[in-house]
Amino acid sequence: MIQFDHVTKRYPERGDALKDLSLRLTAGEMAFLTGHSGAGKSTLLKLIGLIERPTRGQVLVNGRNLGSLPRRLIPYHRREIGMIFQDHRLLPDRTVFDNVALPLVAAGMPRRDIARRVRAALDQVGLLRLERARPLALSSGEQQRVGIARAVVGRPPIILADEPTGNLDPDLSREIFTLFERFHEVGVSLLIATHNLELVEEMSYRTLRLHAGRLVADSGGW
Amino acid sequence: MTASRHRQRRGRRPPPPRSRPQRRRVGLLQGLRGWFEQHRETAHDTLAGLLARPLATGMTVAAIAIALALPAALYLLLTNLEQIGGEWERSAAVSLFLAPEVDEARAAEIAARLRQRADISTVELISRDQGLAEFRAYSGLGGALDQLGGNPLPVVLALYPSAQAQSPAALARLVAALEALPEGDFARLDAQWAQRFRAIVQLLRQAALLLGAMLSLAVLLVIGNTIRLEIENRRTEITIMDLVGATGAFVRRPFLYSGAWYGLLGGVLAWLLVALAGWLLQAPAARLAQLYQSELRIQGLDLQASALLLGGSALLGIVGSWIAVGRHLSQVEPS
Ligand SMILES: Nc1ncnc2c1ncn2[C@@H]1O[C@H](COP(=O)(O)OP(=O)(O)OP(=O)(O)O)[C@@H](O)[C@H]1O
Ligand SMILES: [Mg+2]
């Protein structure tokens with residue numbers, strides 16, 4: 001499903017964020033990505049979503065080599081990936097509803113079909129009552145959950161989460177991880193970057209640990 | 001630039017079709033309906049967005065309208081001037097005053113001879129009696145004529161030059177030839193000042209075209225700049241749209257519609273400005289026409305000119321925003 005072959009990502013001004021990294025996640029797998037701050041977790045997720053391109057090596061998603069994906073097909077690639085961003089990336093001047101609807105609007109879904117899907121997604125993260133609010137009026141944890149609803153609303157086969165519980169209390173964090181587990185159960189592949197080692201250990205899924213851009217520990221896989 | 005790079009790469013190593021992301025498969029009819037619906041929604045939303053900021057939109061639209069109204073008004077002025085000129089030109093002719101001893105039968109012979117010439121289309125014979133009647137009617141000196149006793153006027157031939165002999169040089173040649181006739185006394189060119197008038201109108205027409213082109217460019221710049229600012233203001237939104245899988249066409253669409261609306265609204269306002277100016281000038285023009293015993297009425301923009309103004313302004317809007325979008329949107333897309 002997701003495969004890295006000797007991937008190096010170098011930021012000109014910062015040096016290598018990822019160094020000669022190889023890994024493979026199978027379809028429907030759920031895995032955690034851990035490591036110190038600056039280890040390269042976000043960078044790895046960005047390479048999968050084609051937000052960044054590798055300096056060397058290849059990234060394959062669904063057997064598709066992202067290096068040779070024509071530019072005009074990038075949007076269709078991104079629609080297959082639900083991304084949860086570390087910095088939420090919400091539109092402050094739009095309602096929660098409109099923020100969550102964005103991927104469906106972008107995919108050209110008719111307006112009448114959108115409402116049902118958006119409400120279902122908001123319901124899953126427990127924010128249905130806040131659909132008319134604007135993101136700035138929400139707590140950080142609530143904003144995070146809006147981001148999660150937006151990532152899942154298009155029902156993508158892959159979900160990439162970057163620090164999805166960074167601002168949530170332990171109960172909410174557990175709830176969100178349980179939600180991810182439910183997606184996993186219906187066959188969605190998930191890769192979750194997190195500092196929440198407690199929950200990671202508790203849930204016993206495959207865990208990949210990065211250190212200074214290298215994969216230093218892998219609890220499962222091939 | 002980037003497109004050709006991708007094309008090259010694809011040319012070398014085409015990816016197997018299966019490994020591409022799937023576009024959503026829908027029926028043709030459903031797809032078309034969705035497409036129309038999206039465009040209608042975008043058109044509606046962008047217009048609503050413009051109207052929600054009346055001050056900013058109004059200023060841009062006013063600038064566009066003024067730039068468009070100037071050439072449109074000039075065009076209108078020229079159309080009206082040409083109408084007057086045309087009236088004059090139809091009455092324009094060369095009058096050949098025959099020698100006093102030439103009688104009407106001889107004059108008819110000369111007229112028949114002149115009709116053979118290529119540079120003359122028609123010849124009208126104005127008899128002494130006709131000339132006298134006209135003189136009485138228009139000069140107000142009828143009483144003086146009566147006292148004179150008899151008719152002192154010569155026979156006059158009114159000559160209308162043919163289409164190919166309308167140029168000033170050809171007319172001058174014609175006048176010289178007529179005056180060289182033994183029976184001719186002198187020839188007067190009525191058309192001369194109508195000709196000059198037409199030449200001036202033609203010059204103004206060129207100037208109007210040039211002005212129109214320059215001001216269209218100004219409109220293009222105004223709209224392009226407005227759209228550029230709009231893109232700057234919505235950069236975060238555009239980036240996020242990109243991240244959640246919006247196509248380039250989808251991201252561009254609202255900006256193109258905004259540009260079209262700016263252009264169209266500017267065109268409508270320009271049309272209203274020109275109509276207002278025409279309406280204000282109607283009364284003074286009528287007074288002027290009365291003085292010159294003419295039927296002159298100010299003509300407004302006709303259907304064709306109106307369609308050109310509105311269609312052209314919308315097109316300018318689309319082109320202007322297209323340029324802005326092409327220059328400034330490509331920098332936002334992450335890769
Ligand atoms: N756009 C960028 N330009 C330059 N350097 C970058 C950029 N993005 C990341 N880096 C650098 O790459 C390295 C890895 O960053 P990354 O964001 O992947 O870390 P992370 O593991 O997600 O950290 P955190 O847990 O703090 O989110 C860091 O040293 C960072 O400074
Ligand atoms: Mg990070």
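Quick caveat: nothing in here was measured; it's all calculated off a predicted structure.

Section: the overall build of chain A
No. 1: Helices and strands together make up the secondary structure of chain A, namely seven helices and ten strands.
No. 2: Scored against the burial criterion, the 222 residues of chain A give a buried share of 56%.
No. 3: Sequence-distant contacts, at least 24 apart, represent 67% of the contacts inside chain A between residues at least 6 apart.
No. 4: Element-wise, carbon and sulfur atoms account for 48% of the exposed surface of chain A, whose accessible area totals about 9,500 Å².
No. 5: Side-chain charges in chain A split into 32 positive and 25 negative, and the spacing between the mean points of these groups amounts to 9 Å.

Comments concerning the site of ligand 1
Residue and element names in this part refer to chain A.
No. 1: Not every one of the 14 residues close to ligand 1 is listed here, only the nearest: Ser37, Gly38, Lys41, Ser42 and Thr43.
No. 2: Contacts to ligand 1 include His195, whose side-chain N or O atom sits 3.0 Å from an oxygen atom.
No. 3: Here the residues of the shell around ligand 1 sort into three nonpolar, eight polar and three charged.

Re unusual backbone geometry
Residue and element names in this part refer to chain A.
No. 1: Positive phi values are uncommon outside glycine, yet Arg89 reaches one of about 55°.
No. 2: Look at Arg89 and you get partly exposed, because its relative accessible area is 28%.
No. 3: Non-glycine residue Ala212 carries a positive phi angle of around 50°.
No. 4: In this fold, Ala212 is placed in the loop between strand S9 (206-211) and strand S10 (214-218).

Here we look at the packing of aromatic side chains
No. 1: Under the counting rule described, the total for this entry stands at four aromatic pairs over all chains.
No. 2: Between Phe32 of chain A and Tyr205 of chain A, the ring centres sit 6.3 Å apart and the planes meet at 70°, which makes this aromatic pair edge-to-face. On the criterion of sequence distance, the pair formed by Phe32 of chain A in strand S3 (residues 30-35) and Tyr205 of chain A in the loop between helix H7 (197-203) and S9 is long-range, its members being 173 residues apart.
No. 3: Ring centres of Phe97 of chain B and Phe186 of chain B lie 4.7 Å apart, and the angle between their planes is 15°; on these two criteria the pair is classed as stacked. Highlighted residues: Phe97 of chain B in strand S1 (residues 94-98) and Phe186 of chain B in strand S4 (residues 184-189), separated in sequence by 89 residues.
No. 4: The class for Phe186 of chain B is partly exposed, based on a relative accessible area of 38%.
No. 5: Sitting above the plane of the Phe85 of chain A ring, Arg89 of chain A keeps its charged end 5.6 Å from the centroid.
No. 6: Its end group placed over the ring of Phe97 of chain A, Arg132 of chain A keeps NZ or CZ at 5.4 Å from the ring centre.

Things to note about the coordination of the magnesium ion (ligand 2)
No. 1: Binding of the magnesium ion (ligand 2) to the protein goes through Ser42 of chain A (OG) and Gln86 of chain A (OE1), at separations of 1.9 to 2.3 Å. Pair noted here: Ser42 of chain A is in helix H1 (residues 41-48) and Gln86 of chain A is in the loop between strand S6 (81-84) and helix H3 (96-106), with a separation of 44 residues, a long-range link.

Considerations on the confidence of the model for chain B
All names here are of chain B.
No. 1: When pLDDT is averaged along chain B, the result is 81; 84% of the residues meet or exceed 70.
No. 2: At the level of individual helices and strands, chain B shows its lowest average pLDDT in helix H1 (residues 2-12), which scores 40, and its highest in helix H11 (residues 303-328), which scores 93.
No. 3: Counting contacts from residues 1-18, a segment whose pLDDT is below 50, to residues more than four positions away or on other chains yields 15 contacts.
No. 4: Scored as a complex, the prediction yields pTM 0.73 and ipTM 0.89.

Rules and cut-offs
Residues numbered from 1 in each chain as written. Chains lettered and ligands numbered in written order. Predicted model: local features only at pLDDT ≥ 70, side-chain atom pairs only at ≥ 80, totals over all residues. Heavy atoms only, no water. Helix = DSSP H or I, 4+ residues; strand = E, 2+ residues; numbered from the N terminus. Buried < 20%, exposed > 50% of the residue type's maximum accessible area, 1.4 Å probe, protein only. Contact = heavy atoms within 4.5 Å. Areas by Shrake-Rupley, 256 points an atom, 1.4 Å probe, with all protein chains shown as cover. Lys, Arg positive; Asp, Glu negative; His and termini not counted. Charge placed at Lys NZ, Arg CZ, Asp CG, Glu CD. Near = heavy atom within 4 Å. Polar contact = N/O pair within 3.5 Å; in protein donor to acceptor, adjacent residues only side chain to side chain. Nonpolar A, V, L, I, M, F, W, Y, C, P; charged D, E, K, R; others polar. Phe/Tyr/Trp six-rings, centres within 6.5 Å; stacked < 30°, edge-to-face > 60°. Lys NZ or Arg CZ within 6 Å of the ring centre and 35° of its normal. Donors = N, O, S within 2.8 Å, 3.2 Å for Na, K, Ca; no water. pLDDT = per-residue confidence, 0-100.

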